[in-house]
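# Close look at the chain arrangement
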Amino acid sequence: MDWTEKYRPSTLAEVRGNDKARDAFEEWADSWEDHREAVVLHGSPGVGKTSAAHALANDKGWPTIELNASDARTKDVIERVAGEAARSGTLSQGGSGRRLVVMDEADNIHGNADRGGTRAVTSLVKEADQPVVLIANDFYEMSKGLRNACREIEFREVSTRSIVPVLRDICRKESIEFEDDALDRIAEMNSGDLRGAIKDLQALTEGRGSIEAEDVITGERDTTQGIFEYLDVVIKEGDAETALKSSYDVDETPDDLINWIADNVPKDFEGAELARAYGALARADQWLGRVRATQNYSFWKYAGDNMTAGVAAARGEQKGGWTRYGPPSYWSKLGRTKGTRKTRDYIAREIATRNGTSISTARREIMPFLATMTHHCKNRELTVAMAAAYDLDASHVSFITGSGEDTNKVQSIVKDAQELRDDETVAASGEAFAGRSGVDSEGTDGDERTDGTDGEDSATPSDSSSETVDGTEATVEENQSDEDDGQTGLSDFM
Ligand SMILES: Nc1ncnc2c1ncn2[C@@H]1O[C@H](COP(=O)(O)OP(=O)(O)OP(=O)(O)O)[C@@H](O)[C@H]1O
């Protein structure tokens, strides 16, 4: 049995770390009759938000109604559940009939696919006759309206000091002998993620009665090999077997290693060998997905085989010379700074508006493809078309392609894109033009966009952007059909 489930706290007192948040949460519940506000618990994965919600319900004797924001695809579903929640309150009248409505992934309500989803959740939060707890990883991914309708409680990462006693308790209950150092290392390795620490403990002690400090290290690595030398082996020199064997000495998890390889392989591979390499990486990624879904870490070896031996075997001819390999910069940079987020969100909004998708689909599903297809502007024509189609400037092109913003290459691409756009504007039909300008000027069909929402000065661009898409549904759809009228869009290249 999964230990994170087996040892899920059943009362609030068992939720470790985050004492302040826990007290605030309890206070919210105790005074709910007076304020009737919803609450949002937000913070990184695995720090106990969901556990706290269920533990509170348990402490109070309130049955829970669980909703998942990303599954609740339509307004109807939410309204039905809200209705149920409300009805069950009226039936029993008073405290004993309380239910706790727990909605997971409140930061993951998609604009377009779940049309009106955000609005439905916001009205659920405002109107439900029962206490509602929203759970989110990123508070600022939630729409502003939704944020304003809730009380906010932040769950911080759980300190190593608080993680170790949890691991110790579990070891005692499972009759596993342990060295203190081993538990310290597991706690440190997981930096603040208690769920991760419990999972590692389970994986490392599987089928054994003890754990020593050494196991925590040797389970992962013997002598560490630099990642750059390793990339040389996989991409340039090694045969499949050598690539696989030396991967055992690399100090990266398979989840990170795959990004290192995927990001750097197109610097040396081309054509059919690159396609074969991506085939192997795709298979590796499937295995990583299976690990996540089943928590069966023995599948890691198949992921490893594919991403290392598979890629090495995909090499068509000997590679020479020196290549500037870099960290998986594109995705790991994301979200790190406000500026980066702003750039990312601008591009996502442009793609969403022109392709008729939600911002989140643009960001999660379209941008990675664009990044791969235009990597380092290798395919110049495609990069120009992309910049023209989405009205991108040098900083945007540099963000997507991973090339330096000031390079001549990027500057000249942006210039050509501008010319292409000018030509197309002249050539475009009046109808298509009207559709486009509608997005810019008429998208204010509700109060949603009255709060400064071009995103220019907003500290929370992603938030305002999702509302923009909501607010311009009709126009976005018009645009979708415009694509057939000769506008250059991503779909032309896929
Ligand atoms: N603060 C905590 N105290 C005790 N156990 C915890 C705590 N945080 C996490 N855990 C353990 O990790 C598991 C997962 O935690 P939980 O689902 O509550 O995290 P979460 O913050 O809601 O994460 P996510 O955002 O991914 O849903 C729990 O079942 C429990 O075993």
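This section reports on the structure supplied with the text.

Criteria and cut-off values
- Residues numbered from 1 in each chain as written.
- Predicted model: local features only at pLDDT ≥ 70, side-chain atom pairs only at ≥ 80, totals over all residues.
- Heavy atoms only, no water.
- Helix = DSSP H or I, 4+ residues; strand = E, 2+ residues; numbered from the N terminus.
- Buried < 20%, exposed > 50% of the residue type's maximum accessible area, 1.4 Å probe, protein only.
- Contact = heavy atoms within 4.5 Å.
- Areas by Shrake-Rupley, 256 points an atom, 1.4 Å probe, with all protein chains shown as cover.
- Near = heavy atom within 4 Å.
- Polar contact = N/O pair within 3.5 Å; in protein donor to acceptor, adjacent residues only side chain to side chain.
- Nonpolar A, V, L, I, M, F, W, Y, C, P; charged D, E, K, R; others polar.
- Pairing = 2+ DSSP bridges.
- Axes fitted to C-alpha atoms, helices over the stretch in contact; angles between N-to-C directions.
- Core = buried A, V, L, I, M, F, W, Y, C linked by side-chain atoms within 4.5 Å.
- Domains from an automatic or database assignment.
- Salt bridge = Lys/Arg side-chain N within 4 Å of Asp/Glu carboxyl O.
- Parallel < 35°, antiparallel > 145°, perpendicular 65-115°, else oblique.
- Left-handed = near helix turned anticlockwise from the far one by under 90°.

The secondary structure content of the protein amounts to 25 helices and 7 strands. Residue burial in the protein is summarised as follows: out of 494 residues, 49% are buried. When contacts within the protein are restricted to residue pairs at least 6 apart in sequence, long-range pairs at least 24 apart make up 75% of them. Accessible surface, the protein as shown: approximately 23700 Å² in total, 46% of it carbon and sulfur.

A word on the site of the ligand. In the region of the ligand, 19 residues are neighbours, and T4, K49, T50, S51 and R195 sit closest. Taking G48, its main chain carries an N or O atom lying 2.9 Å from an oxygen atom of the ligand. Between the ligand and R195, the relevant distance is 2.3 Å, taken from an oxygen atom to a side-chain nitrogen or oxygen of the residue. About the coverage of the ligand: the protein hides 93% of its 620 Å² of free accessible area. For the shell around the ligand, the secondary-structure elements that each account for two or more residues are α4 (49-60) and α10 (194-205). Split into classes, the residues belonging to the shell around the ligand amount to 7 nonpolar, 7 polar and 5 charged.

Moving on to the sheet that holds strand β1 (residues 38-42). The strand order across the open sheet built from 5 strands is β2-β3-β4-β1-β5, with neighbouring strands paired in parallel fashion. Whereas interior strands pair on both sides, the edge strands pair on one side only; in this sheet they are β2 (64-68) and β5 (150-154). Taking the axes of each pair of neighbouring strands and ignoring which way they run, one obtains an average angle of 20° across the sheet. Across 5 bridges, β2 lies against strand β3 (residues 100-104) in parallel orientation. Across the sheet, I65 pairs through a bridge with V101, a residue of β3.

Judged by nonpolar contacts, the single largest core of 43 residues is most densely connected at F25, W28, V133 and L201. For this core, the secondary-structure elements that each account for two or more residues are α2 (19-30), β1, α4, β3, β4 (132-136), α8 (160-173), α9 (180-189) and α10. Broken down by element, the residue count for this core peaks at 6 residues, all from α8. The residues that make up this core include at least three from each of domain 1 (3-154) and domain 2 (160-218). Setting aside chain neighbours within four positions, we find L201 in contact with W3, L167, I170, C171, L183, I186 and I211.

Scanning the entire structure with this criterion turns up 21 salt bridges. The partner of D345 in a salt bridge is R344, and the shortest N-O contact between them spans 3.2 Å. A salt bridge links R363 to D345, with the shortest nitrogen-to-oxygen separation between them at 3.6 Å. Pair noted here: R363 is in helix α19 (residues 359-373) and D345 is in helix α18 (residues 338-355), with a separation of 18 residues, a long-range link. By relative accessible area, D345 is classed as buried at 0%.

Let's shift gears to the packing of helix α14 (residues 254-264) against helix α15 (residues 271-294). It is at 11 Å that the axes of α14 and α15 come closest, and there the two elements cross at 160°. In terms of axis orientation, α14 runs roughly antiparallel to α15. Seen along the crossing, α14 lies across α15 with a hand that is left-handed. Across from P254, D255, I258, I261 and A262 in α14, the residues of α15 making contact are Y278, L281, A284, D285, L288 and R292. Residues belonging to the contact of α14 with α15 are distributed by class as follows: 8 nonpolar, no polar and 3 charged.

Any link to function would need more than the numbers given here.
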